[in-house]
Amino acid sequence: MKLIRKRRNGYVLMLAVSICLAVWLGATFMIEAVFAFGAISLISLLLLVRQNRLLYDATLIWDNRIIAVPSALISMPGSQEKKDNDEIVVSTFGILIGSEIYRWGLDGVHGVRLHTVHINKGQMYLTFGDTAHTMRVELLHGITQKQAVLDAAQKLFRETGVTADITGW
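What comes next concerns the included structure.

About the thresholds
Residues numbered from 1 in each chain as written. Predicted model: local features only at pLDDT ≥ 70, side-chain atom pairs only at ≥ 80, totals over all residues. Heavy atoms only, no water. Helix = DSSP H or I, 4+ residues; strand = E, 2+ residues; numbered from the N terminus. Expected span 1.5 Å × (residues − 1). Buried < 20%, exposed > 50% of the residue type's maximum accessible area, 1.4 Å probe, protein only. Contact = heavy atoms within 4.5 Å. Core = buried A, V, L, I, M, F, W, Y, C linked by side-chain atoms within 4.5 Å. Axes fitted to C-alpha atoms, helices over the stretch in contact; angles between N-to-C directions. Parallel < 35°, antiparallel > 145°, perpendicular 65-115°, else oblique. Left-handed = near helix turned anticlockwise from the far one by under 90°. Nonpolar A, V, L, I, M, F, W, Y, C, P; charged D, E, K, R; others polar. Salt bridge = Lys/Arg side-chain N within 4 Å of Asp/Glu carboxyl O.

**Quick look at helix α2 (residues 31-63)**
- Counted at 1.5 Å a residue, the expected span for α2 with its 33 residues is 48 Å, and the 47 Å between its end C-alpha atoms agrees.
- Buried within α2 we find Ser-41, Ser-44, Leu-48, Gln-51, Leu-55, Asp-57, Ala-58 and Ile-61.

Structure follows, in structure tokens:
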């Protein structure tokens, strides 16, 4: 979330500088440069709006978190990658892995959905996707108490409607 916020602040700075330069160059009648900085301002504004939307989604996931873990293994058909980030957050609305957001349940019936949740003593497996693409995320949860696992499973069921398969406890 810090990286998303940092990028947003960079886009704000770039927008402010490009607008100031466009106004200053407009006052000195350098029309070609005004158009160039005007285009940069427009691009900066579009990037700022996109990054602000990502920050909103990340904040929504962060504020409604169910579990936060330090590491994840992400599997898609044909590839597999390990992510060690500051924090990986599983929420009612999706999963936040560093600056990447995987949302579910927001695009209606045909959108991305959380399909299965499996929890064992050391890991949590989440499978989500739509009809075309499916992802599997393996989280090292580090939960040692069975009641905490049951609470997380109950919250997942209550918020997403997916029943967690708990084994090994």
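Moving on, there is more to tell.
**Points about helix α1 (residues 2-27)**
- In this model α1 runs 38 Å from its N-terminal to its C-terminal C-alpha over 26 residues, within 8% of the 38 Å that 1.5 Å per residue would give.
- For α1, the set of buried residues is Ile-4, Tyr-11, Leu-15, Ser-18, Ala-22 and Leu-25.
- Among the structural elements, α2, β3 (94-97) and β4 (100-103) are those in contact with the buried residues of α1.
- Of the residues one or two after α1, Phe-29 is the one with positive phi, at around 60°.

**Here we look at the nonpolar core**
- Residues Ile-95, Leu-114, Val-117, Leu-126, Phe-128 and Leu-139 are the most contacted members of the largest nonpolar core, which totals 27 residues.
- Counting residues per element, the ones that place at least two in this core are β1 (65-76), β2 (79-91), β3, β5 (113-119), β6 (123-129), β7 (134-140) and α3 (146-160).
- No other element matches β1, which puts five residues into this core.
- In this structure, Leu-139 is in contact with Val-69, Ser-71, Ala-72, Ile-88, Val-90, Ile-95, Gly-122, Gln-123, Met-124 and Leu-126, ignoring residues within four places of it in sequence.
- Among the nonpolar cores identified, the runner-up in size contains seven residues, and Ala-58, Ile-61, Val-89 and Ile-101 belong to it.

**What about the packing of α1 against α2?**
- Two numbers describe how α1 lies on α2: the axes approach to 8 Å, and their chain directions differ by 160°. With respect to α2, the axis of α1 lies roughly antiparallel. Of the two elements, α1 crosses α2, and the hand of that crossing is left-handed.
- In terms of residue class, the contact of α1 with α2 is built from 19 nonpolar, seven polar and three charged.

**Notes on the pattern of salt bridges**
- Tallying each qualifying case throughout the model produces one salt bridge.
- Notably, a salt bridge pairs Arg-103 with Asp-57, separated by 2.9 Å at the nearest N-O pair. Of the two residues, Arg-103 is situated in strand β4 and Asp-57 in helix α2; the sequence distance between them amounts to 46 residues.

Keep in mind these values describe shape, not function.
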